[in-house]
Amino acid sequence: MEKQGKRSMVRLAMTALLGWQLLAWQLPAAAADKNVSIGFAGPLTGLSSASGTSMLNAVKMAVDEINGADMRIGGDRLVLKLQVQDDKSNPRIAEIAARYFARNDTAGVVGIFNSAVAISSSAIYQKAGIPHFAISGTRRFTQQGHDSAFRLAAYDEQRAAVLAAYVAQEMHKSRIAIVHDDSVFGRDYKEKFESAFTKLGGKIVSVNSVSATTYDFNDILKAIRVGKADAVFFGGLGSQSAMLAQNMYRLGIEAPLVTAASLVGPMYLQTAGPGAEGTVSIMPGAHQRKSKQLEAFEKNYQQRYNTAPGAYSAAAYDQVQVLAAAIVRAGSASPRKVTAALHAIKYNGLTGTISFDVHGDLRDVSFSTYQVKNSVWTMYKQYHVGLGN
């Protein structure tokens, strides 16, 4: 009896084991994590560090949201792994960063900021097939024949035309003094603004070039004060713009400053002080008050970082979101497949509807003009430019 009982227990145990094996075979396998590396290459030190840092903050927010959203590739859960490189706004360092990402199986790179950096590094990304996103103002970035280059902003001709029209038609200014830095961005923007403003009947009373690293504008501003310009246009970076505004105020120049850089945010107001009053700037994206999505982003950013987002934070956030959407659409983290998916994608982001033309520029560009009134950035007009195919 005892032996029979033991045999029965063994049979029961074997039956149970077989049952569990059968059940395990019938149940779907637990989804694995699909780790996908993406890169951020932007200026985290140097003159553009404030812009780079605010963009990286937004990128981290987007990565965290995507990793918590249960997005799938072939049944596996998409998990983005962010790699960060500080290009210091230096084209040579940007090329080193691009080679680093090319060696490390990166599915895409976001955050590229300066025009010279974008142009110099693009060929490296193109050779590796890596889709790369820039805020670069110069149109040359997407005119190099690189199908992996994408821009989530208006390019300099569009922005310069809008600023020129705003100055001439909304502010009713006819005599402009131009100051620009010696970077690719500064030179290109100066040419485009000068052309657009003169076509509207305006007069350029002076043009001066400065180093992209200088804060000494005294001699130039003294000459501008004598020339009695209605407004001063500056084609340069945000940190220089704030110092220029300070110096204009100190020298008693009441002409408003019109800036090529997107300065909208508290940092410029704090740095420029009373000199910020009257400053005109442009900001990418459709910044309607009714956009609940954008309001939520700004609130979450403020809570997470204890500061307001920068001018390009929303665009950087959208870069990551559209890249993740393309990875899912492609069903692969292969850079070349992701690039192909990006050319076919249509995505509703914080900055508007994201869809690219054959060059990698947005089919529909949204941006807004702002001016400082009573120490507050005030939005005056929104613009939508359709690029077509």
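Here the residue index of a chain counts from 1 through its sequence in written order. Predicted model: local features are reported for residues with pLDDT of at least 70 only, side-chain atom pairs are reported and counted for 80 or more only, and whole-chain, interface and lining totals are derived from all residues. No hydrogens and no water enter the side-chain calculation; it runs on all heavy atoms of the structure.

Moving on, we come to the pattern of salt bridges. The working definition used for a salt bridge is a side-chain nitrogen of Lys or Arg within 4 Å of a carboxyl oxygen of Asp or Glu. Counted by the stated rule, this structure contains nine salt bridges. A salt bridge links Glu170 to Lys381, with the shortest nitrogen-to-oxygen separation between them at 3.9 Å. Here Glu170, found in helix H5 (residues 156-170), pairs with Lys381, found in strand S15 (residues 376-386); they are 211 residues apart in sequence, far enough to count as distant. Each residue is assigned to one of three classes by its accessible area relative to the maximum for its type, calculated with a 1.4 Å probe on protein chains only: buried under 20%, partly exposed between the two thresholds, exposed over 50%. Owing to a relative accessible area of 37%, Lys381 belongs among the partly exposed residues under this scheme. Here a strand is any run of E in DSSP of at least two residues, a helix any run of H or I of at least four, and the numbering for each starts at the N terminus.

Moving on, we come to helix H8 (residues 238-250). By this rule the span expected of a helix is its residue count minus one, scaled by 1.5 Å. When the terminal C-alpha atoms of H8 are compared, their 19 Å separation across 13 residues agrees well with the 18 Å that a helix rising 1.5 Å per residue should span. Among the residues making up H8, those that are buried are Gln240, Ser241, Ala242, Leu244, Ala245, Asn247 and Met248. Here the buried face of H8 lies against strand S7 (175-181), strand S8 (203-210), helix H7 (218-227), strand S9 (231-235), strand S10 (257-259) and helix H9 (266-272). Count one or two residues on from H8 and you reach Gly252, which has phi positive near 75°. Between two residues, a contact is recorded if the distance between any of their heavy atoms is within 4.5 Å.

Peptide bonds are mostly trans, and most non-glycine residues show a negative phi. Located in the positive-phi region is Asp105, a residue other than glycine, with phi close to 50°. Structurally, Asp105 can be placed in the loop between helix H3 (91-103) and strand S4 (106-112). Located in the positive-phi region is Ser375, a residue other than glycine, with phi close to 65°. Here Ser375 lies in the loop between strand S14 (364-373) and S15.

We now examine the pairing of S8. Each pair of strands is called paired provided DSSP finds at least two bridges between the two strands. Summarising the sheet, S7 and S8 pair through seven bridges and their orientation is parallel. The residue of S8 that forms the bridge with Ile176 is Ile204. A crossover gets the label right-handed when its path from the first strand over the helix to the second runs clockwise, viewed with the strands pointing away from the viewer. Since S7 and S8 lie parallel, the crossover through helix H6 (residues 184-199) that links them has a hand, and here it is right-handed.

With that out of the way, let us pick up the packing of aromatic side chains. The pairing test for Phe, Tyr and Trp rings, Trp by its six-membered ring, is centres within 6.5 Å, and the orientation test on the planes gives stacked under 30 degrees, edge-to-face over 60, and tilted for anything in between. A complete count under the given rule lists 15 aromatic pairs for this structure. With 6.0 Å between their ring centres and 55° between their planes, Phe297 and Tyr301 make a pair best called tilted. Residue Phe297 and its partner Tyr301 are located together in helix H10 (residues 292-305), separated by four residues, close to a single helical turn. Classification of Phe297 as buried rests on a relative accessible area of 5%.

Moving on, we come to the sheet that holds strand S5 (residues 132-134). Reading across the sheet, the six strands line up as S2-S3-S1-S4-S5-S6 and stay open at both edges, with mixed pairing between neighbours. Each of the sheet's edge strands pairs with one partner strand only, and the pair in question is strand S2 (72-73) and strand S6 (149-151). By the bridge criterion, three bridges tie strand S1 (residues 33-42) to S4 in an arrangement that is parallel. When the bridges of S4 are listed, Ser37 appears paired with Thr106.

So, about the confidence of the model for the chain. Detailed reading of the predicted coordinates is not advisable wherever pLDDT falls low. For the chain, the mean per-residue pLDDT works out to 88, and 89% of the residues sit at or above 70. Every residue is assigned a pLDDT by the predictor, reflecting its confidence on a scale from 0 to 100. Overall, residues 16-28 carries pLDDT values under 50, and its contacts beyond four positions in sequence, including any with other chains, amount to zero contacts.

What follows covers the packing of helix H11 (residues 313-330) against helix H12 (residues 335-344). Whenever a helix is involved, its axis is fitted only over the stretch in contact; in every case the axis is a line through C-alpha atoms, and angles between N-to-C directions fall within 0 to 180 degrees. Between H11 and H12, whose axes approach to 8 Å, the crossing angle comes to 110°. On the basis of their axis angle, the class for H11 and H12 is roughly perpendicular. Together, Val322, Leu323, Ala326, Ile327, Arg329 and Ala330 of H11 and Lys337, Val338, Ala341, Leu342 and Ala344 of H12 make up the contact between the two elements. Class assignment for the residues of the contact of H11 with H12 results in nine nonpolar, no polar and two charged. For this classification, under 35 degrees means roughly parallel, over 145 means roughly antiparallel, 65 to 115 means roughly perpendicular, and everything else is oblique. Gly is put with the polar residues, along with every residue not named as nonpolar or charged; the nonpolar set is Ala, Val, Leu, Ile, Met, Phe, Trp, Tyr, Cys and Pro, and the charged set is Asp, Glu, Lys and Arg.

A separate point is the environment of Ala316. By the element assignment, Ala316 lies in helix H11. Separated by 264 residues in sequence, Ala316 and Gly52 place their C-alpha atoms 9.7 Å apart. Those residues in contact with Ala316, other than ones at most four positions away along the chain, are Met55, Ala58 and Val59.

Rolled over the atoms, a probe as big as a water molecule pinpoints where empty space is left. Counted as a void, the largest pocket has a volume near 720 Å³. Every residue lining the largest pocket is counted, 41 residues in all, and those nearest its centre are Ala50, Ser51, Gly238, Ser262 and Met267. Counting residues per element, the lining of the largest pocket draws most heavily on helix H2 (residues 49-67), at six residues. Taken together, the residues that form the lining of the largest pocket break down as 20 nonpolar, 20 polar and one charged. Here a cavity denotes a set of grid points, spaced 1 Å apart and computed over the protein atoms alone, in which a 1.4 Å probe fits but from which it cannot get out, and a pocket denotes an open set meeting protein on both sides within 12 Å along at least five of seven lines; residues with an atom within 4 Å of a point are reported as lining. Grid points are joined across faces, edges and corners, and a volume is the space filled by probe spheres set on the points.

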